[in-house]
Amino acid sequence: MVGSQWIFRGAPVVLKEYDGFTNVFDYKLDKIPVWTRIHGVPDGLMKKRELAERVAKKVGEQPFTVIVDEGRINPVKYLRARVFLDLSKPLVRFVPITIKERILYPVTYERMPTFCYFCGMIG
C-alpha cells in the first residue's frame, strides 16, 4: 500500500486499505494516486500552499500532496502535485485559471497507465 501508483501490464492496480469490519462490497475501487505537472503556473500561485492546492483541486480529488517552496524562488516552471484521479472521469488536459484574464495551463501526468488519447479515459 505504501508508495505511488501501481501499474501491471499498462493497467492500474487499484488498492484500498481494508479495516476488517466493513462489508467489502461497500468499498469503491475507483480512484488512483497520480503525480501531475501543471505547466506555466504563475510564481505567486506556486509559493503559497493554499493557492497551490486550489489549483491542484481542478485536476483531481483530495488528499493532495503539493510541492511548494514557500518564500524561495522556484527553480522549476511547473507546479507538481499528487492527486487522486477518478477512473470514471476523463483526464484533465488543461487547467483554467483567471487572474486578469482566463488562461489555460497544460497538465501532464507522470507514470500513467494506458489511457485513450481521444476521450481521455483510463483503461
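Residues numbered from 1 in each chain as written. Predicted model: local features only at pLDDT ≥ 70, side-chain atom pairs only at ≥ 80, totals over all residues. Heavy atoms only, no water.

A. The arrangement of a positive patch on the surface in detail. On the surface, Arg54, Lys57, Lys58 and Arg102 cluster together into a positively charged patch. Within the element layout of this structure, Lys58 appears in the loop between α2 (49-56) and β4 (61-66). (Patch = residues over 30% accessible without salt bridge, like charges linked within 9 Å, V, L, I, M, F, W, Y side chains within 5 Å. Areas by Shrake-Rupley, 256 points an atom, 1.4 Å probe, with all protein chains shown as cover. Salt bridge = Lys/Arg side-chain N within 4 Å of Asp/Glu carboxyl O. Lys, Arg positive; Asp, Glu negative; His and termini not counted. Charge placed at Lys NZ, Arg CZ, Asp CG, Glu CD. Helix = DSSP H or I, 4+ residues; strand = E, 2+ residues; numbered from the N terminus.)

B. Molecular detail of α2. Within the sequence span of α2, burial applies to Ala52, Val55 and Ala56. Looking down the long axis of α2, one finds its buried residues gathered within 100° of arc, a one-sided arrangement. The exposed residues of α2 that point more than 90 degrees off its buried face are Glu50 and Arg54. Where α2 is buried, its residues contact β3 (31-39), α1 (43-47), β4, β5 (78-86) and β6 (94-98). (Buried < 20%, exposed > 50% of the residue type's maximum accessible area, 1.4 Å probe, protein only. Arc of directions from axis to C-beta. Contact = heavy atoms within 4.5 Å.)

C. Representation of the pattern of salt bridges. Within this structure, the stated rule accounts for four salt bridges. We note a salt bridge from Arg37 to Glu110, for which the minimum N-O separation is 2.7 Å. You can see Arg37 sitting in strand β3 and its partner Glu110 sitting in the segment after β7 (102-109), a full 73 residues away along the chain. Judged by relative accessible area, which is 28%, Arg37 ranks as partly exposed. Two residues, Arg80 and Glu110, come together in a salt bridge whose shortest N-O distance is 3.0 Å. With Arg80 in strand β5 and Glu110 in the segment after β7, this residue pair connects regions lying 30 residues apart in the sequence. For Arg80, a relative accessible area of 27% gives the class partly exposed. Within this structure, Asp30, Lys31 and Glu61 form a network of salt bridges that share partners.

D. Quick look at a nonpolar patch on the surface. Among the surface-exposed residues, Trp6, Phe8, Val13 and Leu15 lie close enough to one another that they form a single nonpolar patch of about 400 Å² accessible area. As for its position among the elements, Phe8 is in strand β1 (residues 6-8). For Phe8, a relative accessible area of 53% corresponds to the exposed category.

E. A look at the sheet that holds β3. On the basis of which strands lie adjacent, the open sheet formed by five strands has the order β4-β5-β3-β7-β6 and antiparallel pairing. Unpaired on one side and paired on the other, β4 and β6 mark the two borders of the sheet. Here the average twist between neighbouring strands, direction ignored, is 35°. Pairing between β3 and β7: three bridges, direction antiparallel. In the sheet register, Arg37 faces β7, and the bridge partner there is Thr108. The strands touched by α2 are β3, β4, β5 and β6; relative to β4, the strand with the most contacts, the crossing angle is about 130°. (Pairing = 2+ DSSP bridges. Axes fitted to C-alpha atoms, helices over the stretch in contact; angles between N-to-C directions.)

F. Inspection of the nonpolar core at higher detail. Ranked by size, the top nonpolar core spans 27 residues in total, and within it Ile38, Val66, Leu79, Leu85 and Tyr109 carry the most contacts. Listed by contribution, the elements that provide at least two residues to this core are β3, α1, α2, β4, β5, β6 and β7. When residues in this core are grouped by element, the largest group, four residues, is from β5. Every residue in contact with Leu85, bar those within four places of it in the chain, is listed here: Asp30, Lys31, Ile32, Val34, Val59, Gly60, Leu91, Tyr109, Met112 and Ile122. (Core = buried A, V, L, I, M, F, W, Y, C linked by side-chain atoms within 4.5 Å.)

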